[in-house]
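Each chain, written out:
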Amino acid sequence: MASHWTLGCDAADPRALAAFWATALGYVEEAGYDFPDGASIVDPDGRGPAIGFLRVPEGKSSKNRMHIDIRVAGQGPWDMVEREHLIRAKVTELVAAGATAVREEQDGDVLGHVVMLDPEGNEFCVA
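The rules behind these values
Residues numbered from 1 in each chain as written. Predicted model: local features only at pLDDT ≥ 70, side-chain atom pairs only at ≥ 80, totals over all residues. Heavy atoms only, no water. Helix = DSSP H or I, 4+ residues; strand = E, 2+ residues; numbered from the N terminus. Rg over C-alpha atoms; globule rule 2.2 N^0.38 Å. Buried < 20%, exposed > 50% of the residue type's maximum accessible area, 1.4 Å probe, protein only. Expected span 1.5 Å × (residues − 1). Arc of directions from axis to C-beta. Contact = heavy atoms within 4.5 Å. Phe/Tyr/Trp six-rings, centres within 6.5 Å; stacked < 30°, edge-to-face > 60°.

Remarks on the overall build of the protein chain
- Each helix and strand counted, the protein chain has two helices and eight strands in total.
- Walking the protein chain from its N terminus toward its C terminus, one meets helices and strands in the order β-α-β-β-β-β-α-β-β-β.
- Over its C-alpha trace the protein chain gives a radius of gyration of 15 Å, about what one expects of a compact globule, namely 14 Å for 127 residues.
- With the C-alpha coordinates aligned to their principal axes, the bounding extent of the protein chain is approximately 45 × 35 × 25 Å.
- For the protein chain, the residues scored as buried account for 31% of the 127 residues in total.

See below:
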């Protein structure tokens with residue numbers, strides 16, 4: 001049996017970063033979480049882990065050793081044309097929400113994923 005777990009994240013502005021990631025992942029604020037220097041979001045369907053954000057004084061100083069991949073096309077096998085359309089649509093949505101698109105990575109002649117930065121500069125991918 002798998003363990004329930006929470007992804008913990010450092011942040012300069014926990015509430016703003018939680019709001020971004022709630023938009024990115026389709027999560028919602030965790031009911032009853034009331035900590036002034038933190039925020040928590042949860043999967044409304046109860047399948048994914050909770051994600052907590054805690055205010056820290058130091059800024060991000062290097063590349064993430066671990067990051068989130070947002071898999072917009074679900075499980076394969078994929079229609080690669082449709083998958084690319086879904087990736088590009090999600091990238092556009094996330095840029096509007098405050099993310100930065102860094103680069104596109106190709107898998108041969110098709111789009112593999114897009115490397116992005118969240119509003120505080122944390123790397124993630126849309127695949």
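Examining helix H2 (residues 80-96)
- With 17 residues, H2 should reach 24 Å at 1.5 Å per residue; the first-to-last C-alpha distance of 24 Å fits that figure.
- Those residues of H2 that fall on the buried side of the exposure criterion are Arg83, Ile87, Lys90, Val91 and Leu94. The arc enclosing the buried residues of H2, seen along the axis, measures out at 105 degrees, which places them on a common side. Those residues of H2 that are exposed and angled more than 90 degrees off the buried face are Val81, His85, Thr92 and Ala96.
- Along its buried surface, H2 packs onto helix H1 (14-25), strand S5 (69-70), strand S6 (100-107), strand S7 (110-117) and strand S8 (123-126).

Comments concerning unusual backbone geometry
- Cis rather than trans, the peptide bond between Gly76 and Pro77 has omega equal to 0 degrees.
- If you trace the backbone, Pro77 turns up in the loop between S5 and H2.

Topic: the packing of aromatic side chains
- As enumerated under the stated definition, the model contains three aromatic pairs in all.
- The interplanar angle of 85 degrees and the centroid separation of 5.3 Å between the aromatic rings of Phe20 and Trp21 together place this pair among those described as edge-to-face.
- Using a relative accessible area of 5% as the deciding quantity, one classes Trp21 as buried.
- With centroids separated by 4.9 Å and ring planes inclined at 70 degrees, the aromatic side chains of Trp21 and Phe124 adopt a geometry described as edge-to-face. Note that Trp21 is positioned in helix H1 and Phe124 in strand S8, a separation of 103 residues in sequence.
- The buried category is assigned to Phe124, whose relative accessible area is 1%.
- Pairwise contacts between aromatic rings join Phe20, Trp21 and Phe124 into one cluster.

Any link to function would need more than the numbers given here.
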